[in-house]
Every structure is written in structure tokens, then in C-alpha cells.
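Coordinate analysis (summary)
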Amino acid sequence: MPAMALLRFDQVSLEFGDLVILRDAELVIDAGERVGLVGRNGAGKTTLLRLIAGTQKPDHGEIEYRSDLRISQLAQTLPRELDLTTREYVAAGLAELQALVDEYQRRAAAQPDGRELKELEELQQQIDALDGWRIEQRVDVILSELELP
């Protein structure tokens, strides 16, 4: 896979009964590339996104991902049974990251020393690598870019 490719389909095929969704498909999405997905209803757009997200497996072929790739998705509509605002629902997608920040803050408040400081430093590096100190700003960007209320 090229160094900058985020993901690659290699001879990917998927069928549902007699309905062929993909046959020996090739796809490469590079870092920084913007991709639009257009097609009529029932053409397989959602299935393709499921393949990319890894929630659907192909019948044949390989899907390769860059090792540090993280895929997130936002449902088209909020589940009706949830009593959450749009902001709370989007923020829930970063719950694992928020848990790391909360753990860091809990440990830092306990006045660590020695080994605990080393663990705290490792936790901080993990949060830094995931851009975890700006969760609220990230939620704001998602809401703004997707024009969500």
C-alpha cells in the first residue's frame, strides 16, 4: 500500500443473493483526499460505507487500512429513544477519549510520584497523540461542518 493511502480495496467482491454490489473492486483513498459518494437508492452506497468502516466483510478480496487509521461515523438520524441533544450525541462518539482525559485528571490530582508519574506521562502522550485536549472544540467543528443544530 502506498505510504499515504488511508485504505485500499484489492479485488473486493460482495453479493447479497443474486444482487452484485461489488465485483473485483479496486479503491484507494489517500490522506487529505475528499471523496463523494453518489448513487441511486439501493445502489450500495451504505454497504460501501459499511465495508470501509469494517462493519461489513467482503465475500472476496482484501481491505487494507493504514495502521493508525481511525474510522468514526455519525448516524444519519438520532435514535428517538435517546434523550440527548445533538451536541451530547456527537460528544458520545469521543467517550473513550474523554475517559482517558478524565483518568489523567484523576491521577494528576492524586499528586503522583515515581512510577505513577511515568504512567501519567504515558497517558498524557496517548492523549496528545489523539488530540484529546480539545474535545469540546472537536465537537464544535463537527457540528459546524455538518451544519447540525
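Everything below is about the structure shown above.
Since this is a predicted model, take the numbers as computed values, not measurements.

**Thoughts on the pairing of strand β1 (residues 5-16)**
Bridge count for β1 against strand β2 (residues 19-30) is 8 bridges, and the pairing is antiparallel. Residue pairing across strands places arginine 8 opposite valine 28, the latter belonging to β2. Taken together, β1 and the strand that follows it, β2, pair antiparallel across an intervening segment of 2 residues, in which glycine 17 is found at a positive phi of about 65 degrees. Alignment of β1 against strand β3 (residues 60-65), held across 5 bridges, turns out to be antiparallel.

**Quick look at the pattern of salt bridges**
Inspection of every chain in the model, using the stated rule, returns 8 salt bridges. With a closest N to O distance of 2.2 Å, arginine 87 and aspartate 140 form a salt bridge. Remark: aspartate 140 occurs in helix α5 (residues 135-145) and arginine 87 occurs in helix α2 (residues 86-92); sequence separation between them is 53 residues. Relative accessible area serves as the criterion here: at 36%, aspartate 140 is assigned to the partly exposed category. A network of salt bridges, in which partner residues are shared, links Glu103, Arg106, Arg107, Arg115 and Glu119.

**Structural notes on the packing of aromatic side chains**
What the rule picks out here adds up to 1 aromatic pair. Judged by centre distance (5.2 Å) and plane angle (80 degrees), the ring pair of tyrosine 104 and tryptophan 133 falls under edge-to-face. Remark: tryptophan 133 occurs in the loop between α4 (115-129) and α5 and tyrosine 104 occurs in helix α3 (residues 95-109); sequence separation between them is 29 residues. Of the residues examined, tyrosine 104 reaches a relative accessible area of 17% and is grouped as buried. Its relative accessible area of 40% is what places tryptophan 133 among the partly exposed residues.

Definitions and cut-offs
- Residues numbered from 1 in each chain as written.
- Predicted model: local features only at pLDDT ≥ 70, side-chain atom pairs only at ≥ 80, totals over all residues.
- Heavy atoms only, no water.
- Pairing = 2+ DSSP bridges.
- Helix = DSSP H or I, 4+ residues; strand = E, 2+ residues; numbered from the N terminus.
- Salt bridge = Lys/Arg side-chain N within 4 Å of Asp/Glu carboxyl O.
- Buried < 20%, exposed > 50% of the residue type's maximum accessible area, 1.4 Å probe, protein only.
- Phe/Tyr/Trp six-rings, centres within 6.5 Å; stacked < 30°, edge-to-face > 60°.

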